[in-house]
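Secondary and tertiary structure notes
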Amino acid sequence: EETANLVRRVVSGDVNAYGELVERHRDAVFGLCYHRCGDFEAARDLAQDAFVRAYQHLGQLTDPARFPGWLRRIAERVCLDWRRRQRDERPLQEGEKGGQVVDDESAALRATVESALTALPEPQRLAVTLYYINGYSYREIAEFLSGRSGRLRSSARR
């Protein structure tokens, strides 16, 4: 598998190979982070943090073929840490999103989309988010979510 080979190259000191790993998984990690935080700018920062942590701990990954799932778990932890920090900050005022005021039309559209996504069970909600962030295939979503190639276990495959 090409991902496993890239991981081995990085562990052997090939920093450029990590750039290739980031390129391959950037959108999936961003999609996951956006799914968890609901803010594009914060998701971008969280994804970057996840890739930095993954790079710092890549030597601890025992099975390079499991990189996608391992990276997903790191991104999940980064988002969880972010949400914990958010609880300590002041609540947003109505009409604010991440410190920026949004117009009524954007807020209404966002509320409609968030309501529709919230109605889905968690696995499908994340899969839908990943599918619509840069058009991931079902196989790519399944690999990222499970850490290996395979079928997506949810009804979102339709």
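Every chain is numbered on its own, with residues counted from 1 as its sequence reads. In view of the model being predicted, local features appear only for residues whose pLDDT reaches at least 70, and side-chain atom pairs are presented and counted only at 80 or more, with totals across whole chains, interfaces and linings using the full set of residues. With hydrogens and water excluded, all non-hydrogen atoms of the structure serve as input to the side-chain values.

What to know about the overall build of the chain
Helix and strand labels come from DSSP, where a helix needs a run of H or I of at least four residues and a strand needs a run of E of at least two; each type is numbered from the N terminus. When helices and strands are tallied, the chain shows seven helices and two strands. Each helix and strand of the chain, placed in order from N terminus to C terminus, yields the pattern α-α-α-α-β-β-α-α-α. Think of it in three bands: residues with accessible area under 20% of the maximum for their type are buried, residues over 50% are exposed, and the middle band is partly exposed, with areas taken using a 1.4 Å probe on protein chains only. Per-residue burial for the chain yields a buried fraction of 37% across its 158 residues. For the chain, contacts bridging at least 24 residues in sequence account for 56% of all contacts bridging at least 6. By element, 48% of the accessible surface of the chain is carried by carbon and sulfur atoms, the whole surface being about 9,900 Å². Between two residues, a contact is recorded if the distance between any of their heavy atoms is within 4.5 Å. Areas reported here follow the Shrake-Rupley algorithm with a probe of radius 1.4 Å; residue values treat only the protein chains shown as occluding.

A few points about the nonpolar core
As used in this record, nonpolar core signifies buried Ala, Val, Leu, Ile, Met, Phe, Trp, Tyr and Cys residues forming a set joined through side-chain atoms within 4.5 Å. Counting 37 residues, the largest nonpolar core has Val29, Cys33, Leu58 and Phe67 as the members making the most contacts within it. For this core, the secondary structure elements donating two or more residues are α1 (2-11), α2 (15-37), α3 (40-57), α4 (67-87), α6 (122-132) and α7 (138-146). If you tally residues by element for this core, the top one is α2, at 10 residues. Ignoring sequence-local partners within four residues, the contact set of Cys33 consists of Gly38, Ala43, Leu46, Ala47, Ala75 and Cys79.

Some remarks on the environment of Gln60
Note that Gln60 resides in the loop between α3 and α4. Put simply, Gln60 and Val11 are 49 residues apart on the chain and 9.7 Å apart in space, counted from C-alpha to C-alpha.

Focus on the side chain of His25
Relative to the assigned elements, His25 resides in helix α2. In this structure His25 comes out as buried when scored by relative accessible area, which is 7%. Dropping the residues within four chain positions of it, His25 is found in contact with Thr3, Phe51, Phe67, Pro68, Leu71 and Tyr136.

A few points about the packing of α2 against α4
The axes of two packed helices give the description: the angle between them and the distance between them. Helix axes are fitted to C-alpha atoms over the stretch in contact, other axes to C-alpha atoms as well, and angles between N-to-C directions run from 0 to 180 degrees. Remark: α2 packs on α4, axes separated minimally by 10 Å, with the N-to-C direction vectors making an angle of 35°. In terms of crossing hand, the pair formed by α2 and α4 is right-handed. Of α4, the residues touching α2 (which contributes Leu21, His25, Val29, Leu32, Cys33, Arg36 and Cys37) are Phe67, Pro68, Leu71, Arg72, Ala75, Glu76, Cys79, Trp82 and Arg83. In the scheme used here, Gly and all other residues not listed as nonpolar or charged are polar, with Ala, Val, Leu, Ile, Met, Phe, Trp, Tyr, Cys and Pro taken as nonpolar and Asp, Glu, Lys and Arg as charged. Considering only residue class, the contact of α2 with α4 consists of 11 nonpolar, one polar and four charged. Throughout, a crossing is termed right-handed when the near helix is turned clockwise from the far one, and left-handed when it is turned anticlockwise from it by less than a right angle.

Details of the environment of Leu21
Here Leu21 is to be found in helix α2. When the C-alpha positions of Leu21 and Pro68 are compared, they lie 9.5 Å apart, and in sequence the two are 47 residues distant. The residues touching Leu21, leaving out its near neighbours within four places in the chain, are Thr3, Leu6, Val7, Val10 and Phe67.

Re the confidence of the model for the chain
The quantity called pLDDT is the predictor's confidence in a given residue, expressed from 0 to 100. Averaged over every residue, the pLDDT of the chain is 79; residues scoring 70 or more account for 72%. Here residues 149-158 scores under 50 on pLDDT; set against residues more than four positions off or in separate chains, the count is 18 contacts.

What about the packing of aromatic side chains?
Two rings belonging to Phe, Tyr or Trp (six-membered ring only in the last case) form a pair when the distance between their centres is within 6.5 Å. Interplanar angles under 30 degrees mark stacking, angles over 60 mark edge-to-face geometry, and anything in between is tilted. On inspection of all chains with the given rule, the structure shows five aromatic pairs. Aromatic pair Phe30 and Tyr34: ring centres 6.4 Å apart, planes at 20°, arrangement stacked. With a gap of four residues between them, Phe30 and Tyr34 both fall in helix α2, about one helical turn apart. On the basis of relative accessibility, which here comes to 14%, the residue Phe30 falls in the buried class. According to the relative accessible area criterion, Tyr34 is buried, its value standing at 17%.

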